[in-house]
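So you can see what is in the structure, the chains are spelled out below.
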4 protein chains.
Amino acid sequence: MVRVGILGATGYTALELIKLLLRHPEVEITTLTSRQTGHPPISSIHPQLTGRLDLPLENLEAMAAAERVDCLFSCLPHAASAEAIAPVVNGGTRVVDFSADYRLTDLETYETWYQTTHPDPTRIGKVVYGLPELFRKQIIGADLVANPGCYPTSAILAMAPLLQDGLVEPSDLIFDSKSGVSGAGRTPKLTTHFPECNEGVSAYGIGSHRHTPEIAQVLGQFIGREIGVVFSPHLIPMDRGILTTAYARPTRQTTPGELMSALRAFYETSPFVHVVDHLPSTKDCAGTNNCHITARMVGERVITVSCLDNLIKGASGAAVQNFNLMFGFDESTSL
Amino acid sequence: MVRVGILGATGYTALELIKLLLRHPEVEITTLTSRQTGHPPISSIHPQLTGRLDLPLENLEAMAAAERVDCLFSCLPHAASAEAIAPVVNGGTRVVDFSADYRLTDLETYETWYQTTHPDPTRIGKVVYGLPELFRKQIIGADLVANPGCYPTSAILAMAPLLQDGLVEPSDLIFDSKSGVSGAGRTPKLTTHFPECNEGVSAYGIGSHRHTPEIAQVLGQFIGREIGVVFSPHLIPMDRGILTTAYARPTRQTTPGELMSALRAFYETSPFVHVVDHLPSTKDCAGTNNCHITARMVGERVITVSCLDNLIKGASGAAVQNFNLMFGFDESTSL
Amino acid sequence: MVRVGILGATGYTALELIKLLLRHPEVEITTLTSRQTGHPPISSIHPQLTGRLDLPLENLEAMAAAERVDCLFSCLPHAASAEAIAPVVNGGTRVVDFSADYRLTDLETYETWYQTTHPDPTRIGKVVYGLPELFRKQIIGADLVANPGCYPTSAILAMAPLLQDGLVEPSDLIFDSKSGVSGAGRTPKLTTHFPECNEGVSAYGIGSHRHTPEIAQVLGQFIGREIGVVFSPHLIPMDRGILTTAYARPTRQTTPGELMSALRAFYETSPFVHVVDHLPSTKDCAGTNNCHITARMVGERVITVSCLDNLIKGASGAAVQNFNLMFGFDESTSL
Amino acid sequence: MVRVGILGATGYTALELIKLLLRHPEVEITTLTSRQTGHPPISSIHPQLTGRLDLPLENLEAMAAAERVDCLFSCLPHAASAEAIAPVVNGGTRVVDFSADYRLTDLETYETWYQTTHPDPTRIGKVVYGLPELFRKQIIGADLVANPGCYPTSAILAMAPLLQDGLVEPSDLIFDSKSGVSGAGRTPKLTTHFPECNEGVSAYGIGSHRHTPEIAQVLGQFIGREIGVVFSPHLIPMDRGILTTAYARPTRQTTPGELMSALRAFYETSPFVHVVDHLPSTKDCAGTNNCHITARMVGERVITVSCLDNLIKGASGAAVQNFNLMFGFDESTSL
């Protein structure tokens, strides 16, 4: 049994992570931390776990938590996460980091977009990006994995195969994404107050959302060319799910069939990405680690539609998938 | 033209009030107050009002606001409301109070349920309860009206006619109410955070909700007998609407037809209460000042179902209805 | 491995059943039937199953399906279900029946409420009601189990312990239930058309819903006394979940603590029913086989609030729980 | 008083139209038609109208309806609409047509996209497109107006000013639209069944939606150049609202300020289009005839975000706005 701990266990991604790990035959959850005081049981925060996990939330330093576990999942905010886990990794405990701290490989890009000083700059650029469909080999056996952002996962999975096959121009990619509200976290805000966001759709962070450089970097490094990304996230009145509609320019005359073949070939051995003929709904992937993708040609535009559950394939499912690869389990275990 | 002002204009009831008053041919809104500083335009808080009302939010004392208006609507919280409007009423300006401050006629009951000292105790018990369907005569020409609570309106309108006609026992009334989330106000809280309350139903405040004594008192005073009330509110994942299912015990053998006749007779001259044969939905009343009611007999139980829009008939529509009666306009103007 | 088949596999309960069974280490799903022609893959109806179950929907008679399996789950409508499974059971194949056909133990009651002739009248009254928390011993090893209705499960679990302990009057029980829309099935109707039922709450079937006699019968047989039931279901704009607020009259002076103790003692050995101190939300049980219950005293009324996922504990989770007991597996396997 | 009638009065746009016309001081609704038999009152279909409009639904031919009115609004489906209203217009009664029949000015385009023979081909190309913000002069006094599609309104209003000022390339416009479910009409279908579309986002009709040629034609005729349009509609789990995120390529170096100035100048005299600095939500326009628009520059892309209520500014509000212009009333009356 692999003993695991979770830093920052009160959020939505932690809840999903716990639910997935409870089904994992080789995992024992031993430690949960939060800033809560008084050792409340996790089920007092997440009643979903009543009768399923009987552990207290401990106000524990990362190093103290690490001493009890073989693998630590960090659900802390950026900067706080790297600060907590850098010594843990140094000490030899494996870590899956949900934050953005080790995703960007360029320190300046990180510090510009996140407006903070990186607490562990020397490790920047040396950590594998935990998207198994693109970087499976590097994840196997890794000590530290940067778990991808939810929007980037939906964007990258749709376009990476078409870019790799040279079917679309790298310089002109538009990602129009629609996300459920759980992506905004568990802290109450006016924008996520029910009567404000229910029965409404809005765009936010156009041109300024921090997932923009992440998408550009990962796709760029994957094909070795510079990528031009426009990214527009939208808030949708539903709990969970991301659907990304991407617009690209073909490099040459192509057909829908060729696009679909490229996608199918690329994901032939990936258990969770399914290339479908119909236009998928986020609901098709809700509660699963799946990503459904399709492609269309409209006039002179290539359009892809990809969807996933932002809390599973966009966060905790991907984390368990990475964990499985890191520890030598079957990639699909408990997923 | 009647010049009106609104105290506490940033909430949801104030927004609905403004929208109704903008349609009123005899009203000019001149003053809006809030604790906001810097005189922001109301449309910066409520973008719905863009191009429709060009007024700033002023950080103004009630008395200063009163000097500019003929009628003041107070959307302040309880206690703060009475404190603000007592001198205004003393000074001769008419007021519609949305808070609970003047609804309860017994000081001790108020102070027990609201856990506060009443700022204007001498006026307690002398203010008309602004439910025109029961107290129209007293509202006409009144200087101060206590606008009813949203839940009590749905509860009282369904049961008052049956109690008055002696068809149901006053001692054993159960009101099971279901409300949209706007009823909880505009301040973000965990319970009204979208991913917490979307896709879920919960009860709250069973046995402790402050509308309990209000229902009991108003029904009791209306028929001159003591009322036994059990009141269970529930939070429903929708913006607006209240549906109350009420359970009563018949005093004697009766029929559904007799119940419906009693309701129809009672509301014959009330323009906003409609007795319907089918089981109504809150959606039938959304955006209107209507209340739809029906009655059923099941075994030895009388059941009524009543619904309304909590922000209109349950708050701002009722306020305008009261305003119309206070100022001698047709009761339905702008509604 | 137990080979299982599902009759009527296109509905929502069948989808949940498949998802649960796919996790079951001792089950192989071999057969799915529906009236669809052309052997479409199940994933074309339920895209959620893409890459998870690769089986066609066969237009197969129940007997033909039974030949391939050790256990058959029937998700057919009432009457059609008994007609299909009676010969199957006669032939020695075990069956879990989701329909109401074998729940009611009195033929006349069945035929009155369901307005149909029962296709298998001789078996009526001899089939165990599949609520393990009340009838675990009878379910173990059974050949045919009548899987309970979703509303009755929420109603019965809350009141059975209090009735058994003589704490509440059996003659005067009111169940006010709130259900998500998936309970209405997968066939499009005006009442479940999104713009009709979204943003609205309505009551339906007050006094005429077919779960009324089921609740009365099961509770009555459990305590050996006649039960008086008023049951009011409501449709809530959410996918899944049932919350039942029940009102009963205490038989003697009691306390909330005594009520809670009775509930806790009753469910001490039941893994899925949790007695909680707070007022629970359906969301706490969504996606799980759990039922959360609490009790309150208000004035002279006992109130219980119980919630569950109508598709899991209210249908498919209960079915798997029954299946586990019938076949000798741990009751919680895959749940 | 202008006497008006509505053909096809049972749908959602007709309901909104009735609600708006009931507030119009110069209008009397005299006639409602539908295929319903038995003259049911309109309130039996739309309970929202209980106590507000006491008219039966008549199974009446358009010509018979026209004899009673000065203006007819047709909410019939395409083809059926032109067939019904062609003789009405010939007979001298004014008509606002909600269908697409007279929007497209090229017969072949109409017959290709709508897969039907046009019942009134000679009038094609001679009917004004009822978007007052672009074609106010031609609408004033018109006898027949083609009321615009909901998606085209949101798309055209955002891009027309930028195209007119030569700020964006006409050949490469992408419109990514998100719509509430009421846009799909009132007929129950699996795709709009609550448990299918709630808690999910999906794209539909990419490259094949019939509003594509409408957008291209209207913008093209407005600036006298050919337009290249990619249009991707998405279904959002909410009742009403459309938000369109549009992507265009600037013709030259420009700034956000210049874009906003172009928009502001264009709509200076239009009472319902508001250019806002923030990223708007559909909720800001819900229940109003407003359209909120903003613009951004991201890298080398111009992005506009526009939103409106699909049933009001996207349908019935626009129809009343057109009616006002046709009959010489103030454009904003009752809106």
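Residues numbered from 1 in each chain as written. Chains lettered and ligands numbered in written order. Predicted model: local features only at pLDDT ≥ 70, side-chain atom pairs only at ≥ 80, totals over all residues.

Trainee: Would you mind going over the environment of Gly287(C) in detail, with residue names and values included?
Mentor: Here Gly287(C) is to be found in the loop between β12 (273–275) and β13 (291–298). In this structure Gly287(C) comes out as partly exposed when scored by C-beta crowding, with 18 C-beta atoms within 10 Å. Note: C-alpha distance between Gly287(C) and Glu16(C) (271 residues apart in sequence) is 9.2 Å. If we skip the residues at most four places from it in the chain, Gly287(C) touches Gly287(A), Asp309(C) and Ile312(C). (Helix = DSSP H or I, 4+ residues; strand = E, 2+ residues; numbered from the N terminus. Buried ≥ 20, exposed ≤ 12 C-beta atoms within 10 Å, placed from the backbone. Contact = placed C-beta atoms within 7 Å.)

Trainee: Which residues make up the interface of chain D and chain A, and what values do they have?
Mentor: If you look at the interface, chain D gives 35 residues, while chain A gives 35 residues. The set of elements that each furnish at least two residues to the side of chain D that touches chain A consists of β8 (173–179), β9 (202–203), β10 (229–235), β11 (242–248), β13 (291–298) and β14 (301–308) of chain D. Here the side of chain D that touches chain A is composed, by residue class, of 17 nonpolar, 11 polar and 7 charged. (Nonpolar A, V, L, I, M, F, W, Y, C, P; charged D, E, K, R; others polar.)

Trainee: How would you sum up the domain arrangement of chain A? Please name residues and give values.
Mentor: The parts lose accessible area when they come together, and the size of an interface is often stated as this lost area. All names here are of chain A. Domain annotation of chain A identifies domain 1 (2–126) and domain 2 (150–310). Taking the mean C-alpha position of each, domain 1 and domain 2 sit 26 Å from one another. The interface is formed by 10 residues belonging to domain 1 together with 7 residues belonging to domain 2. Looking at which element gives the most residues to the side of domain 1 that touches domain 2, the answer is helix α5 (residues 107–114), with 3 residues. By residue class, the composition of the side of domain 1 that touches domain 2 is 5 nonpolar, 4 polar and 1 charged. (Domains from an automatic or database assignment.)

Trainee: Pulling in residues and values, what's your account of the interface of chain A and chain B?
Mentor: On the chain B side, the residues contacting the 14 residues of chain A number 14 residues. With 3 residues, helix α8 (residues 194–197) of chain A is the largest single contributor of residues to the side of chain A that touches chain B. Here the side of chain A that touches chain B is built from residues that sort into 7 nonpolar, 4 polar and 3 charged.

Trainee: Please provide a residue-by-residue account of the sheet that holds β13(D), values included.
Mentor: All names here are of chain D. Reading across the sheet, the 7 strands line up as β9-β10-β8-β11-β14-β13-β12 and stay open at both edges, with mixed pairing between neighbours. The open sheet is flanked by β9 and β12 (273–275), the only strands paired with a single partner. Lying over the sheet, helix α7 (residues 150–164) contacts β8, β10, β11, β12, β13 and β14, oriented at roughly 40° with respect to β11. (Pairing = 2+ DSSP bridges. Axes fitted to C-alpha atoms, helices over the stretch in contact; angles between N-to-C directions.)

Trainee: Account for the relation of the copies chain D and chain A, with residues named and values stated.
Mentor: Relative to chain A, chain D is turned by 180° and slid 0.0 Å along the rotation axis, the superposed coordinates differing by an RMSD of 0.0 Å. The superposition operator between the copies reduces to a two-fold rotation axis. By residue overlap, the copies meet face to face through one surface: 100% of the interface positions of chain D are interface positions in chain A. (Least-squares fit on C-alpha atoms with pLDDT ≥ 70 in both.)

Trainee: I'd like a description of helix α11 (residues 312–327) of chain C, backed by residues and values.
Mentor: Residues and elements named next belong to chain C. Taking 1.5 Å per residue as the helical rise, α11 with its 16 residues ought to reach 22 Å, whereas the 19 Å between its terminal C-alpha atoms falls clearly short. At Ala318, α11 shows its maximal bend, which comes to roughly 40°. With 15 of 16 residues buried, α11 lies mostly within the body of the structure. At the exit of α11 stands Gly328, carrying a positive phi of roughly 80°. (Expected span 1.5 Å × (residues − 1). Bend = angle between axes of the 7 residues up to and from the residue.)

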